[in-house]
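Residue-level structural notes
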Amino acid sequence: MQALPQGVDHVLGGLHQLDQHAFTADREVIVGFRMHETNVVPAGSWADAAGGEAQTLLLQPLHRDGQVVHPKPHVVERRTAHVDLALGVQRLHQIDLHARRPLSEHADVLVHVLTLGAKLLLQLQAKEVHPKPAQAPLVLCPEGNLLQAKDSERSFHGSLRGGQGGKNGSLPHSCPIPNAPRPIALGSMAEVTEQHPPKFPDVSPQSWREAVERGLHGKRIEDKLTTTTSDGIVIQPLYEDQGEAREALPWCEGSWSPHESLPLENPKSWRARMQRAADFGVKGFRVGQLTEELEADLLGIARELQVELHLSSPVQADRAMGRLQQELRGGQTLLPGALTEELAIAASAGTTLFSACSSSEQGQGAGVALQVALCLTRGAAWLREAERCAVSATDAAGLVEFRVGSGTDLFLEIAKLRALRLCWTKLLKACAVQGPCKIHVEASARSWTVRDPWVNGLRGTTIAFAAAIGGAQSVLVLPFDAMLGASDEEALRLARNTHAILAQESHLDQVQDPAAGSGYIESLTNDIAQGAWVLFQELELLGADSTGFVAEEIERSAAADAAAIATRRNGLIGVSEFPNLEESLPERTGAPAFQNANTLAAPFEALRARSDRHQAQHGTRPTAFLCNFGQQVDFRPRSGFASNLLAAGGIAVQDNEGFQTVDAALQAYDLQTASLAVIASTDELYLEHVSSLARGLQERGAIVVLAGRAGEQEAEWTAAGVDTYIHLGCDALAALEHLQVSAGVSL
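The structure reproduced in this document is the subject of the present report.

About the thresholds
- Residues numbered from 1 in each chain as written.
- Predicted model: local features only at pLDDT ≥ 70, side-chain atom pairs only at ≥ 80, totals over all residues.
- Heavy atoms only, no water.
- Helix = DSSP H or I, 4+ residues; strand = E, 2+ residues; numbered from the N terminus.
- Buried < 20%, exposed > 50% of the residue type's maximum accessible area, 1.4 Å probe, protein only.
- Polar contact = N/O pair within 3.5 Å; in protein donor to acceptor, adjacent residues only side chain to side chain.
- Contact = heavy atoms within 4.5 Å.
- Salt bridge = Lys/Arg side-chain N within 4 Å of Asp/Glu carboxyl O.
- Axes fitted to C-alpha atoms, helices over the stretch in contact; angles between N-to-C directions.
- Left-handed = near helix turned anticlockwise from the far one by under 90°.
- Nonpolar A, V, L, I, M, F, W, Y, C, P; charged D, E, K, R; others polar.
- Core = buried A, V, L, I, M, F, W, Y, C linked by side-chain atoms within 4.5 Å.
- Expected span 1.5 Å × (residues − 1).
- Pairing = 2+ DSSP bridges.
- Right-handed = clockwise from strand over helix to strand, strands pointing away.

The next subject is the side chain of Gln 371. Among the secondary structure elements, Gln 371 is positioned in helix H11 (residues 368-388). You can call Gln 371 buried: its relative accessible area is 3%. A polar contact is formed between the side chain of Gln 371 and the side chain of Lys 416, at a distance of 2.8 Å. What Gln 371 contacts, discounting residues up to four positions off in sequence, is Ser 358, Gln 362, Ala 366, Val 404, Gly 405 and Lys 416.

Quick look at the structure:
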């Protein structure tokens, strides 16, 4: 067998781009050979086909303008070369697509095809045949059709072994190919003209800034387009390539391991649940504090199923060593001070033994920089403890796992994980050692909701995506119904399949550090890393006295998060944004695993719960009458905004098609039972009608709400009867609590 020639891919690519304008003399004849299993030239006969049945095709007369034109000898010669080449390429497709065998095993076929292609190109050059741009080309393509023709009714899609063409099997009179792609013209085998799209003109950051501020009517970008995270990191509207070479972040090869938490209730169901999860690709399990007997049972199941097991409760060192001696593949969490000198043998066991965890603080509202700093502090504590126990820093670094809670801010979470890897590498470098950065990411219950729980599936996907891009080695996605009770099998399956889809369909595990090079993520990574390093140094100086400092930092960032939620600057789909008052929640048995979690949605969900109780007691929810004034185009934007906001507090609305006069609006309200009335229209109509409309509604006992900002008219409109103003950026939580009380909802 002949050796595979070099540059085969390049040459084949050139053949596939062969310019068919050269065949303008007989383009009605040679139009396409479709590739189907019933239409492939059999092995052994492909090289001789052109000398047999192909002659019928090659000698067919042309039909032009109703005249029969018999082909000249040089036309037949070109046809012969082209058909021979097409048959060869077809044979290659048969080998590659149908036999599923590598082309390298068929070097003789490949060399023959390349020879035919070179021969054909030389013939074209010798005859000085050049393309004519005005005519539609025929394109040799690798996706099935050797010659692609898009007009199937008028084009000939046959084979040399009995294809169908025109009437009674004859060739069609014409075979136009509308909108066919234009191939690259080949002057020679080595001369390929590359076509590049035109470049956009270069724009300096300053000129971009000036253009944006003109669009903002003179307002500064910093005032309108920047945002600040809960721990003070400023997010800019535009980032550029940093242009600086940076040392690559540590990265573990391979895909992440899907993990799942085990409920402490009903230990008898553990084996069946772990078996089902392992069948769906789960590689590890996390469980809380257990008795020694239950731990032993669970360890036996984990060894039998060959999965990792991580126990989150502190245990004695001798029990941990017993697990190591049993060759457990998973990890065991210990607390600093629990090590003994015997742990030196753990260095060769490949076991994750030490957990540096910040998930608890994340659940309380800690900012991303503080989370990274706490991981560094606790990781450094393990290195010191290992040194005290005569375990080398290099060995100890391989035993540390960072357990990180994750929210749903995609880019912030990606940058947080990358910052942790960057800072841990810096810390190990300061210790003159090298080691991996093992990260386990857990979906935080803080981001989960009770209302519209199906959106939790999207939140879990976002968290898993960020973990994969950020470089986590294991990821735990909560089921969408985790806040409702014991998860059913469907919810568990969806959580498990999230990993499979991201890894096996989206292939997120096939690229190393895919976020590298993004100006936004790189800048955000550096900002978080710098802030975390400052906090890490502060924690190291404080030592045991750092508890108060950490609590203050958490309180500050949690307050910022709460304000963003209350004003709906950070919206929660299904809760504070686009809530569904008519939803029916899935029923679950048992207590939820996170019933005491400090969730972001808790304040709004408390309002919904009050509304539900009010409906159960009185037969109806608190209701607002939409006093839509003017035409649809006038009131619909603000009435839609008001309906969405009120529903977040469990307040139903009574909508209408709008009113043209104040009297008509007041008469319509008299027919309603709503205790709240919301005025919605444009600023221009407000100036003309709000005072009289608010006064009339207040006289009828309504609690008057205005959708929009009052501005300079606030004192006048308030005196006329407007009770509450709702608008973009207002404290929606406080406004809804006030309106519920005003509507008679008990706390």
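Having seen the structure, we can now continue with the description.
It is worth spelling out the pattern of salt bridges at this point. This structure, assessed with the given rule, holds 27 salt bridges. Residue Arg 209 pairs with Glu 222 through a salt bridge whose shortest N-O separation is 2.7 Å. Here Glu 222 lies in helix H6 (residues 221-224) and Arg 209 lies in helix H5 (residues 205-215), a separation of 13 residues in the sequence. The class of Arg 209 is partly exposed, set by a relative accessible area of 26%. Measuring nitrogen to oxygen at the nearest pair gives 2.7 Å for the salt bridge that ties Lys 416 to Glu 413. Of this pair, Lys 416 and Glu 413 are both found in helix H13 (residues 410-430), 3 residues apart, which corresponds to roughly one turn of the helix. Overall, the relative accessible area of 6% leaves Glu 413 in the buried class. Shared partners join several salt bridges into a network, and the residues in it are Arg 209, Glu 213, Arg 220, Glu 222 and Asp 223.

Let us now look at the packing of H13 against helix H14 (residues 455-470). Across the interface, H13 lies against H14 with an axial gap of 8 Å and an inter-helix angle of 35°. Handedness of the crossing formed by H13 with H14: right-handed. Between H13 and H14, the contacting residues are Leu 410, Glu 413, Ile 414, Leu 417, Arg 418 and Arg 421 on the first element and Thr 462, Phe 465, Ala 466, Ala 467, Ile 469 and Gly 470 on the second. Of the residues in the contact of H13 with H14, the class split is 7 nonpolar, 2 polar and 3 charged.

Quick look at the nonpolar core now. Membership of the largest hydrophobic core comes to 73 residues, with the highest contact counts inside it found for Leu 376, Phe 402, Leu 420, Trp 424, Leu 427, Ile 439 and Ile 528. With residues up to four places along the chain from it excluded, the contact list for Ile 439 reads Phe 402, Val 404, Leu 417, Leu 420, Arg 421, Ala 472, Gln 473 and Ser 474.

Moving on to helix H18 (residues 602-618). Given a rise of 1.5 Å per residue, 17 residues ought to cover 24 Å, and the 24 Å separating the end C-alpha atoms of H18 matches this to within 8%. The first or second residue beyond H18 is Gly 619, which carries a positive phi of 85°.

Turning to the pairing of strand S20 (residues 703-707), a few remarks are in order. In terms of burial, S20 is largely enclosed, as 4 of its 5 residues are buried. Relative to S20, strand S19 (residues 676-680) is paired through 4 bridges, and the arrangement is parallel. Bridge pairing links Leu 676 to Ile 703 in S20. Regarding the hand of the β-α-β motif, the stretch spanning S19, helix H21 (residues 683-699) and S20 is right-handed. Note: S20 against strand S21 (residues 722-726), 4 bridges, orientation parallel. Bridge pairing in S21 links Ala 707 to Ile 726.

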